[in-house]
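Here is how the chains run, residue by residue.
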Amino acid sequence: MKKVAIIAIFAACMISCNSNRYAYVDVASSERTAEELENGFRNVPDSIKDGRTIFLMSQGIPVADILLYKGRLNNPTLPAVPYGYDYEFITEDQLINDLEVGYGRLYTKSGINARVLVILDKDVTVSEMTKIARLAQNGALIGGVRPTRCLDSADSLVFKRNVEKVWQNGNVMSGKTLESILRAARVPQDEKTSTDSLIFSHRHLPDAEIYRICNPTSRNERIRVKFRVTGRRPMLWNPDTGEIEPLSYNIKKKGTRVRFNIVPNDDIIIVFGPYADKKKMKIK
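Scoring rules and cut-offs
Residues numbered from 1 in each chain as written. Predicted model: local features only at pLDDT ≥ 70, side-chain atom pairs only at ≥ 80, totals over all residues. Heavy atoms only, no water. Helix = DSSP H or I, 4+ residues; strand = E, 2+ residues; numbered from the N terminus. Buried < 20%, exposed > 50% of the residue type's maximum accessible area, 1.4 Å probe, protein only. Contact = heavy atoms within 4.5 Å. Areas by Shrake-Rupley, 256 points an atom, 1.4 Å probe, with all protein chains shown as cover. Pairing = 2+ DSSP bridges. Phe/Tyr/Trp six-rings, centres within 6.5 Å; stacked < 30°, edge-to-face > 60°.

A count of helices and strands for the protein chain gives seven helices and 21 strands. Counting across all 284 residues of the protein chain, residues that qualify as buried make up 47%. Counting only contacts in the protein chain whose residues sit at least 6 apart along the sequence, the fraction spanning at least 24 positions is 71%. Only carbon and sulfur atoms are counted for the fraction: they give 49% of the accessible area of the protein chain, which is about 14,800 Å².

Structure follows, in C-alpha cells:
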C-alpha cells in the first residue's frame with residue numbers, strides 16, 4: 001500500500017456512524033485513479049478498526065452545496081440544512097483571498113465547490129463586506145443574515161454602501177430558509193430518498209464519487225436512493241471485508257437510482273467508479 005494511504009488511515013480520527021464531518025483530507029489523493037483507489041482500499045489491513053472507511057473518506061474533496069461563514073462567532077446558530085444536502089465552513093482567509101464565482105458556483109483553489117454562501121455573523125469587516133459585495137455582483141447566491149455592524153469604525157460609510165448595494169441584488173436572500181433558496185436556484189439534492197433517517201457523506205475524485213451511508217436506527221432498511229451522479233456504475237464497497245460487489249441501478253437524466261439493504265447501526269460505502277456501458281442493471 002502506498003505511503004500516502006497509510007498516512008491517511010493513521011492520521012484520521014476514529015469515525016462514528018452518527019457523524020458525517022471529516023476533519024482530515026488526504027490532499028495528495030485528490031488525483032488518485034480508480035485503480036489506485038481500489039488497490040488502496042483492498043490493501044488496508046483488517047486489524048485497523050474502521051480502516052477502509054477512514055481510507056475512503058479521506059480521499060479527494062468533500063462535496064457540499066452550502067458554505068457557512070461564521071466570522072468571529074464561536075458557537076453560531078446553524079441554519080436548518082435540508083435533507084440531501086451537505087455543508088462546509090469557510091474561513092475568513094478563504095472568503096477574502098480564495099473564494100471566487102464561476103458559472104453560478106462558488107469555488108476555491110483548494111477544491112471547495114458550492115452553490116450558496118450563508119453569512120452567520122452580523123459583525124463583519126470592510127474587507128469581508130467588500131468581498132461579499134463582489135461575489136454578489138458576480139452572481140453568487142448568498143443567504144443568511146444581513147450584516148449590521150462594521151468592525152472598522154473609520155470605514156463605516158464604505159461598509160454601509162456595500163451592504164445597501166449587496167442587499168439590492170436578487171441573488172441575495174436574507175431571511176429565507178436554505179430549503180427555499182436551494183429550491184429557487186433549482187439545486188437538486190445530492191441524495192434523495194423516501195426516508196430521512198440515514199446519514200450521507202460524499203467525496204469527489206476525478207475518477208470516482210464516494211458516498212458513505214450510515215443507518216443510526218435499529219431498523220433494517222431496504223431503500224432506493226437517487227444520487228446526483230450520472231453515467232457511472234455504482235458498486236458496493238464493503239469496509240469490513242474489502243469486497244466490491246455490483247448494485248442494481250437505473251441511470252436517469254439528472255441522477256442514478258440505486259437499491260440496497262442496510263442493517264441497523266451500520267454503514268456502507270457506495271462508489272461510482274467506471275463509466276457504465278448500460279443505463280440500467282438489475283442484480284438478483
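Anyway, onward from the coordinates.
Burial analysis of strand β14 (residues 208–215) places eight of its eight residues in the buried class, the great majority of the element. Taking every second residue as pointing to the same face, both faces of β14 are buried, with Ala208, Ile210, Arg212 and Cys214 on one and Glu209, Tyr211, Ile213 and Asn215 on the other. The pairing of strand β13 (residues 199–205) with β14 spans seven bridges and is classified as antiparallel. In the strand pairing of β14, His202 is matched with Tyr211.

The next thing to look at is the packing of aromatic side chains. We describe a pair of aromatic rings using the distance from one ring centre to the other and the angle between the two ring planes. With the rule as written, the count across this model stands at seven aromatic pairs. Aromatic side chains Phe41 and Trp237 sit 4.9 Å apart centroid to centroid with 55° between the ring planes, which places their arrangement in the tilted category. Remark: Trp237 occurs in strand β16 (residues 232–237) and Phe41 occurs in helix α2 (residues 34–42); sequence separation between them is 196 residues. The pair formed by Phe41 and Trp237 is uniform in burial state, with each residue classed as buried. With centroids separated by 6.1 Å and ring planes inclined at 70°, the aromatic side chains of Tyr83 and Phe200 adopt a geometry described as edge-to-face.

This part covers the sheet that holds β16. If you trace the six strands from one edge of the open sheet to the other, you get β1-β13-β14-β20-β16-β17, paired in antiparallel fashion. In the strand order of this sheet, the two ends are held by β1 (61–62) and β17 (244–246), each with one partner. Examined bridge by bridge, β1 and β13 share two bridges and lie antiparallel to one another. Bridge pairing in β13 places Pro62 opposite Arg203.

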